Amino acid sequence: MENTSNSSMNTGHLAGWVFGLLIIAIGILNLFLVHPVPAIAYFILSLLYLPPANALLKGWFGFTMPVVLKIGLGVVIVLFTLGVSDLGDMIDKL
């Protein structure tokens, strides 16, 4: 029988890596196409999703960011990128 907590942990880590790398990609696009300041903000926000940085936060502070908060922040980041930021305007022009 499989350990369900181990498989859910792997799924959570995979989701963290995928979304963290997506935010890094948005940061790189902002760096080259828009301005370095939002790129730095995206790079810092991506650390909240990457599993090694999450483990480091747990070691330093003793807790991690709840999954519900991560999902809400992810929705805000995507909506901001596509709707408000200059990068969203550049994507619309393509």
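Each value, and the rule that gives it
Each chain carries its own residue numbering, running from 1 in the written order of its sequence. At least 70 in pLDDT is required for a residue's local features to be given in this predicted model, at least 80 for side-chain atom pairs to be given and counted, and no such filter applies to totals for whole chains, interfaces and linings, which use all residues. The side-chain numbers reported here are obtained from all heavy atoms of the structure, hydrogens and water having been left aside. Here a helix means four or more residues in a row that DSSP labels H or I, a strand means two or more in a row labelled E, and each is numbered from the N terminus. The classification of residues rests on relative accessible area computed with a 1.4 Å probe and restricted to protein chains. Under 20% of the type maximum is buried, over 50% is exposed, and intermediate values are partly exposed. Here a residue-residue contact requires only that any non-hydrogen atoms of the pair lie within 4.5 Å. Per-residue and other accessible areas follow the Shrake-Rupley method at a 1.4 Å probe size, with only the shown protein chains counted as cover for residues. The pLDDT value expresses, per residue, how confident the predictor is, ranging between 0 and 100. Here, nonpolar core means buried Ala, Val, Leu, Ile, Met, Phe, Trp, Tyr and Cys residues that are tied together by side-chain atoms lying within 4.5 Å of each other. What a helix should span is 1.5 Å times the count of its residues minus one. Regarding the arc, it is the one traced by the directions from the helix axis to the C-beta atoms. Polar contacts, as used here, are pairs of N or O atoms within 3.5 Å; protein pairs need one atom able to donate a hydrogen and one able to accept it. Residues neighboring in sequence count only if both atoms are side-chain atoms. Patches here: salt-bridge-free residues with over 30% relative accessible area, like charges joined within 9 Å, nonpolar side chains (Val, Leu, Ile, Met, Phe, Trp, Tyr) joined within 5 Å. What makes a salt bridge here is a side-chain nitrogen of Lys or Arg within 4 Å of a carboxyl oxygen of Asp or Glu, nothing more.

**Section: the overall build of the protein**
What the protein contains, in helices and strands, is 5 helices and 0 strands. In the protein, the order of α-helices and β-strands from amino to carboxyl end is α-α-α-α-α. Looking at the protein residue by residue over its 94 residues, the buried ones come to 23%. Taking the contacts inside the protein whose residues are at least 6 apart along the sequence as the reference set, 55% of them involve residues at least 24 apart. Accessible surface computed for the protein: about 6600 Å², of which carbon and sulfur atoms make up 76%.

**Describing the confidence of the model for the protein**
With 79% of its residues at a pLDDT of 70 or more, the protein has an overall mean of 81. Here helix α5 (residues 86-93) is the element of the protein with the lowest mean pLDDT, 66, and helix α2 (residues 36-46) is the one with the highest, 89.

**Details of the nonpolar core**
Judged by nonpolar contacts, I23, I26, Y42, Y49 and I77 together constitute the single largest core of 5 residues. If we ignore the near neighbours within four places in the chain, the residues touching I77 are I23, Y42, L45 and Y49.

**Some thoughts on helix α4 (residues 67-83)**
Here α4 is 17 residues long and its end C-alpha atoms lie 24 Å apart, about the 24 Å a rise of 1.5 Å per residue gives. By the burial criterion, the buried members of α4 are K70, G74, I77 and T81. What you see down the axis of α4 is that its buried residues fit within an arc of 65°, all on one side. In α4, the exposed residues that point more than 90 degrees away from the buried face are V68, L69, I71, V76, L79 and G83.

**Points about the side chain of S46**
Among the structural elements, S46 can be located in helix α2. For S46, the side chain forms a polar contact with the main-chain oxygen of F43, separated by 2.7 Å. The residues contacting S46, other than those within four sequence positions of it, are G20, I23 and I24.

**A short note on a nonpolar patch on the surface**
On the surface, a cluster of nonpolar side chains totalling about 480 Å² of accessible area is made up of I28, L29, L31, F32 and L33. Examined against the element boundaries, F32 turns out to sit in helix α1 (residues 4-33). The class for F32 is exposed, based on a relative accessible area of 68%.

**A short note on the environment of G20**
When you line up the elements, G20 lands in helix α1. In this structure G20 comes out as buried when scored by relative accessible area, which is 0%. Taking C-alpha positions, G20 is 5.0 Å from Y49, a pair spaced 29 residues apart along the chain.

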